[in-house]
Amino acid sequence: MISVVDYGAGNLFSVANALQAIGAEFRFASEPAALRGADKILLPGVGHFGQMMGALDERELREALLGEAKEGTPILGICLGMQALYEWSEEAPGVAGLGLIAGTVRALPSDCRVPHMGWNTVRFADGEDVWCYFANSFAAPVSGATWGTTEYGGAFSSAVRKDNLSGFQFHPEKSGAKGLELIARWCRDAG
């Protein structure tokens, strides 16, 4: 069973539609108890980093997510959900992320049109290029956790993997058949 974190915002229904399309069993989790015992956790996200982290704190989901990550439960963050895996974001100075991946999410360069909206290429570590749908103004740095990169005013991490953690800066649920394949692969292989 996949627990999809519901903190009162985010792309819940498009993620739910994608999970239904691939036949994955899931439930929405708006309280800590609904995360315990999950086979996998999906953290969707749309909006502002500070508001998301505040909502996770209000619902006591931050500590539950950290506990499940420590236990080895596979966690997938999508868009802002991926950014939440990091320590910090320039979008909300002083607001701590989950700190599961080292680094600070930075604003896209000022000479780029923001938000970065639409289709762009993700180059995965195995050399495969995949067209995916983006909607972001901030991006994670390229680091040891990087699994895929995208060029937009420079390279940034558009897919990450570290231990039991995975993240997509793009929206796989809006990226057509290949996006659904990526979600299905995570459902099948994570953990």
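Quick note: structure is the one above.
Residues numbered from 1 in each chain as written. Predicted model: local features only at pLDDT ≥ 70, side-chain atom pairs only at ≥ 80, totals over all residues. Heavy atoms only, no water.

S.K.: Can you help me understand the layout of surface pockets in this one?
M.R.: Gaps left between atoms are located by rolling a probe of water-molecule size over the structure's atoms. For the largest pocket, the calculated volume is near 210 Å³. Taken together, 14 residues make up the lining of the largest pocket; nearest its centre are Arg161, Ser166, Trp186, Asp189 and Ala190. Looking at the lining of the largest pocket residue by residue, the classes come out as seven nonpolar, three polar and four charged. Size it by volume and the second largest pocket reaches roughly 160 Å³. Forming the walls of the second largest pocket are Val46, Gly47, Cys79, Leu80, Gln83, Glu91, Pro115, Ala135, Asn136, Ser137, Phe138 and His171. Looking at the lining of the second largest pocket, the elements that each hand over two or more residues are helix H4 (80–83) and strand E8 (129–136). A class-by-class count of the residues in the lining of the second largest pocket yields six nonpolar, five polar and one charged. (1 Å grid on protein atoms, 1.4 Å probe; cavity = no way out; pocket = protein on both sides within 12 Å on 5 of 7 lines; lining within 4 Å. Points joined across faces, edges and corners; volume = space filled by probe spheres on them. Nonpolar A, V, L, I, M, F, W, Y, C, P; charged D, E, K, R; others polar. Helix = DSSP H or I, 4+ residues; strand = E, 2+ residues; numbered from the N terminus.)

S.K.: Help me out: how do you make sense of the state of the cysteines in this one?
M.R.: In protein structure, a disulfide is the covalent linkage between the sulfur atoms of two cysteines. Across all of its chains, the model carries zero disulfides by this definition. There is no disulfide at Cys79, and the cysteine sulfur nearest it, in Cys132, is 12 Å away. On the basis of relative accessibility, which here comes to 6%, the residue Cys79 falls in the buried class. Cys112 takes part in no disulfide bond, and the closest cysteine sulfur to it belongs to Cys79, at a distance of 16 Å. (Disulfide = S-S within 2.5 Å. Buried < 20%, exposed > 50% of the residue type's maximum accessible area, 1.4 Å probe, protein only.)

S.K.: In this structure, what is going on with the packing of helix H2 (residues 49–58) against helix H3 (residues 61–71)? I would like to understand it.
M.R.: Running from amino to carboxyl end, H2 crosses H3 at an angle of 85°, the nearest separation of the two axes being 5 Å. As judged from the angle between their axes, H2 and H3 are roughly perpendicular. Here H2 contributes Met53, Leu56 and Asp57 to the contact with H3, which in turn contributes Leu61, Arg62 and Leu65. A per-class count over the contact of H2 with H3 returns four nonpolar, no polar and two charged. (Axes fitted to C-alpha atoms, helices over the stretch in contact; angles between N-to-C directions. Parallel < 35°, antiparallel > 145°, perpendicular 65-115°, else oblique. Contact = heavy atoms within 4.5 Å.)

S.K.: Hey, could you run me through unusual backbone geometry in this one?
M.R.: Peptide bonds are trans in most cases, and residues, glycine excluded, mostly fall at negative phi. Cis rather than trans, the peptide bond between Val114 and Pro115 has omega equal to 0°. Assignment of secondary structure puts Pro115 in the loop between strand E6 (101–107) and strand E7 (116–124). Phi is positive for Cys79, which is not a glycine, with a value near 55°. You can see Cys79 is positioned in the loop between strand E4 (75–78) and H4. Although it is not a glycine, Asp163 sits at a positive phi angle of roughly 55°. Relative to the helices and strands, Asp163 resides in the loop between strand E11 (155–162) and strand E12 (165–168).

S.K.: Would you take a moment to explain H3 for this structure?
M.R.: Residues three or four positions apart in an α-helix share a direction because the helix packs 3.6 residues into each turn. Inspection of H3 places Leu61, Arg62, Ala64, Leu65, Glu68 and Ala69 among the buried residues, and these make up the whole buried set. Burial along H3 is one-sided: seen end-on, the buried residues are contained in an arc of 165°. Summarising the geometry of H3, the exposed residues directed more than 90 degrees from the buried face are Glu63, Lys70 and Glu71. On its buried face, H3 is in contact with strand E1 (2–5), strand E2 (26–29), strand E3 (40–43), H2, E4 and E12. (Arc of directions from axis to C-beta.)

Purely spatial values, then, with no claim about function.
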